[in-house]
Amino acid sequence: MSLILLIEQVLNGLQFGVMLFLMAAGLTLIFGVMGLINLAHGSLYMVGAFAAAAVAGLTGSFVLALLASLIAAAAAGALVELLVIRRLYDRDHLDQVLATFALILMFSEGTRWVFGSFPLFLDIPAALAQPVSLPGGILYPAYRLLIIAIGLAIAVGLFQLIARTRIGIQIRAGEADREMIAALGVDISKLYTLVFALGAALAGLAGALVGAIQSVQVGMGEPVLILAFVVIVIGGIGSIKGALVGALLVGLTDTLGGVLLPPLFATFMEASSASSVGSSLASMSIYILMAAVLLYKPTGLFGSTT
Amino acid sequence: MKLKSIILAAGLCAMATGGFAAGHEGGVKVGMITTLSGGGAGLGIDVRDGFMLAAKMAGNDKLEVVIEDDQRKPEIAVQLADKMIQSEKVDVLTGIIWSNLAMAVVPAAVAQGKFYLSPNAGPSQLAGKGCNPLYFNVAWQNDALHEAAGAYASDTGYQNTFILAPNYPAGQDALTGFKRFFKGEPAGEIYTQLGQTDYAAELAQIRASGADSVFFFLPGGMGISFLKQYASSGIDLPVVGPAFSFDQGILQAVGEAALGVKNTSQWSKDLDNAANVEFVAAFEAEYGRLPSLYASQGYDTANLLLSAMGKADVKDADAFRAALAEADFASVRGDFKFGTNQHPVQDYYVREVIKEGDVFTNKVIATSLTDHVDAYAAECSY
């Protein structure tokens with residue numbers, strides 16, 4: 001395996017990681033601040049992708065499509081929070097899981113009614129459709145570099161938001177002690193709606209960015225949702241820093257595992273069975289990573305120890 | 001979501017073809033179990049629409065169809081089959097798209113004496129040792145389109161094709177089928193995760209492998225993702241695949257990235273035979289979209305059934321089976337007959353993805369395999 005191929009795969013792992021971070025950041029905020037398990041987060045990802053595909057189809061503009069994904073997902077998130085999620089904060093996790101699972105079904109079938117059963121078309125802008133040459137002779141798709149850049153920019157923005165702004169202080173306070181900040185006069189229900197909409201917007205943006213290189217179809221959010229849960233469990237629930245580190249770890253493990261394990265097995269096994277055993281083990285690798293992290297740190301890498 | 005519609009063909013349409021002799025007692029009740037919701041719904045909807053179009057065009061009031069949605073879940077498909085056999089008392093089952101669902105339903109259904117006509121799935125188990133006199137496959141054995149792709153790759157002169165498929169039984173069948181007819185040596189062979197949507201890692205391996213072409217079997221959303229990413233990766237190798245990733249339902253979502261790709265199929269909308277011309281026009285008029293491979297299979301399934309209904313009573317299982325086995329209907333694929341294991345013996349074509357106006361579609365450019373019998377037929381004995 002050449003060095004160039006390895007570097008390219010590390011970039012792929014990074015790109016996958018920052019996408020997972022966009023999903024996991026919202027999920028971990030919502031869980032951290034409100035104590036809510038939101039299975040419908042994957043549906044917001046899908047809403048973002050469909051909104052982007054619809055707007056791109058109408059206007060032909062990718063930037064407008066990204067904006068639409070943010071707005072549509074945030075609006076859907078706020079609406080869901082006001083109508084459904086609000087009633088779930090005092091319930092136990094089982095009720096939350098049941099209710100948000102019902103939301104998945106409603107979102108999926110609702111989307112199918114509106115957009116039909118066939119995948120939608122959403123393509124990357126022509127200017128980004130070409131690979132760019134990086135130092136060392138690496139050819140890498142421009143669009144994936146853009147995804148990495150957007151993801152890292154959003155990570156920095158989120159850290160600033162949480163660490164430096166008044167809302168960030170309220171969010172952190174909300175995580176630490178819900179009753180107390182309500183007693184201090186912060187409008188907690190408004191804060192909850194805001195956090196939920198923010199998380200939804202990030203998921204929607206991830207859906208639109210990924211939808212352009214993958215397929216925009218009903219049910220696209222659920223596989224990502226599972227990975228996002230793995231990320232926040234590894235990173236520590238409620239921690240944005242944990243979500244970023246966890247997402248990059250999962251992205252790199254998944255990508256490099258898939259690339260390196262089959263050839264590794266091929267050194268001592270017959271080619272076709274090595275390929276199949278290696279691939280199977282590679283798809284397990286992130287769960288093995290999760291188990292290992294939990295053995296070492298039961299609350300995740302950056303989880304609070306209380 | 002339960003989608004249930006009982007459609008009595010009576011009075012639907014007055015264009016009875018008159019090809020059905022009167023006097024056979026009773027009608028045939030068909031139970032269609034197919035995928036109508038969730039991610040794979042496009043395929044099931046096409047099979048259903050093709051089937052119902054044929055039923056409507058025939059206007060045979062003895063054909064009754066009950067349709068249920070399996071949600072792509074084996075356990076639901078099994079429940080529906082039990083319900084259809086026990087309380088709906090259907091004579092014939094059909095409709096299943098996915099091989100794992102077919103394996104869950106078909107063996108039990110035929111053991112209870114029901115006919116099963118497969119409009120799509122063709123797992124090797126049911127073609128070889130597990131074949132059954134009551135089981136007919138109207139589409140293809142799963143390996144067939146991949147075998148045709150392998151034959152085409154060799155005919156074109158490709159020496160070291162890079163091949164990939166998802167790591168599940170149909171994916172393994174795909175690569176086995178391709179290699180069965182491919183004379184060169186694959187430059188690389190990758191099993192991806194089922195449901196994987198990001199192929200950056202595989203594309204980097206393809207680029208580094210020095211292959212002269214790429215073959216992939218990635219049904220549904222997986223194929224859309226792969227092709228879009230392939231197009232922007234800068235890799236410029238020719239692509240060959242089975243028709244599933246280049247079919248009418250998903251080509252519009254792939255867009256320009258699919259142009260020029262060669263894919264193998266037993267059907268194409270531009271096949272020049274009277275039945276196909278009529279089918280394509282009628283489907284477009286009825287549903288306002290171009291028919292897909294799956295719709296053609298649903299349409300042929302209904303016409304096969306109608307042809308047998310014209311010859312025998314379904315209550316007389318032996319006579320009805322013999323009538324089905326004759327395959328005395330005008331298939332939209334052209335020549336069609338059943339082999340000894342009641343799977344199709346048919347031609348496989350090579351299609352190229354083109355753009356007609358604003359619509360992406362396929363045109364036939366070559367014939368890959370002629371009167372092809374599947375690899376498992378010899379293992380089948382009743």
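Residues numbered from 1 in each chain as written. Chains lettered and ligands numbered in written order. Predicted model: local features only at pLDDT ≥ 70, side-chain atom pairs only at ≥ 80, totals over all residues. Heavy atoms only, no water.

Please give an account of the pairing of strand 9 (residues 213-216) of chain B that cites residues and values.
Across a regular strand the side chains alternate sides, sitting on one face of the sheet and then on the other. All names here are of chain B. Neither face of strand 9 is exposed, since S213 and F215 on one face and V214 and F216 on the opposite face are all buried. Pairing between strand 7 (residues 161-166) and strand 9: four bridges, direction parallel. Across the sheet, residue L164 finds its bridge partner in strand 9, namely F216. Two elements, strand 9 and strand 10 (residues 239-242), share two bridges in a ladder whose sense is parallel. Bridging across to strand 10, F215 finds its partner in V240. With helix 8 (residues 221-231) bridging strand 9 and the parallel strand 10, this β-α-β connection has right-handed handedness. (Buried < 20%, exposed > 50% of the residue type's maximum accessible area, 1.4 Å probe, protein only. Helix = DSSP H or I, 4+ residues; strand = E, 2+ residues; numbered from the N terminus. Pairing = 2+ DSSP bridges. Right-handed = clockwise from strand over helix to strand, strands pointing away.)

I'd like to hear about helix 11 (residues 293-309) of chain B, residue by residue, with values.
With 17 residues, helix 11 of chain B ought to run about 24 Å at 1.5 Å a step, and its terminal C-alpha atoms sit 25 Å apart, in line with that. Its side-chain oxygen at 3.2 Å from the backbone nitrogen of Y294 of chain B, S292 of chain B defines the N-terminal cap of helix 11 of chain B. (Expected span 1.5 Å × (residues − 1). Polar contact = N/O pair within 3.5 Å; in protein donor to acceptor, adjacent residues only side chain to side chain.)

Account for the state of the cysteines, with residues named and values stated.
Residues and elements named next belong to chain B. All told, the structure shown has one disulfide over all chains when counted by the stated rule. Each disulfide pairs two cysteine sulfurs, and for C131 the partner residue is C380, the sulfurs being separated by 2.0 Å. Across the S-S bond of C131 and C380 the torsion is about 90°, and the bridge reads as right-handed. Here C131 is found in the loop between helix 4 (124-127) and strand 6 (135-137), whereas its partner C380 is found in the segment after strand 14 (359-372), with 249 residues between them in sequence. Across the pair, C380 and C131 agree in class, each one buried. (Disulfide = S-S within 2.5 Å.)

How would you explain the side chain of N341 of chain B if you had to name every residue and give the values?
Residues and elements named next belong to chain B. Topologically, N341 is positioned in the loop between strand 12 (337-338) and strand 13 (344-356). In terms of polar contacts, N341 uses its side chain to reach the side chain of D374, at 3.2 Å. The contacts of N341, once residues within four sequence positions are left out, are A127, D374, Y376, A377, C380 and Y382. (Contact = heavy atoms within 4.5 Å.)

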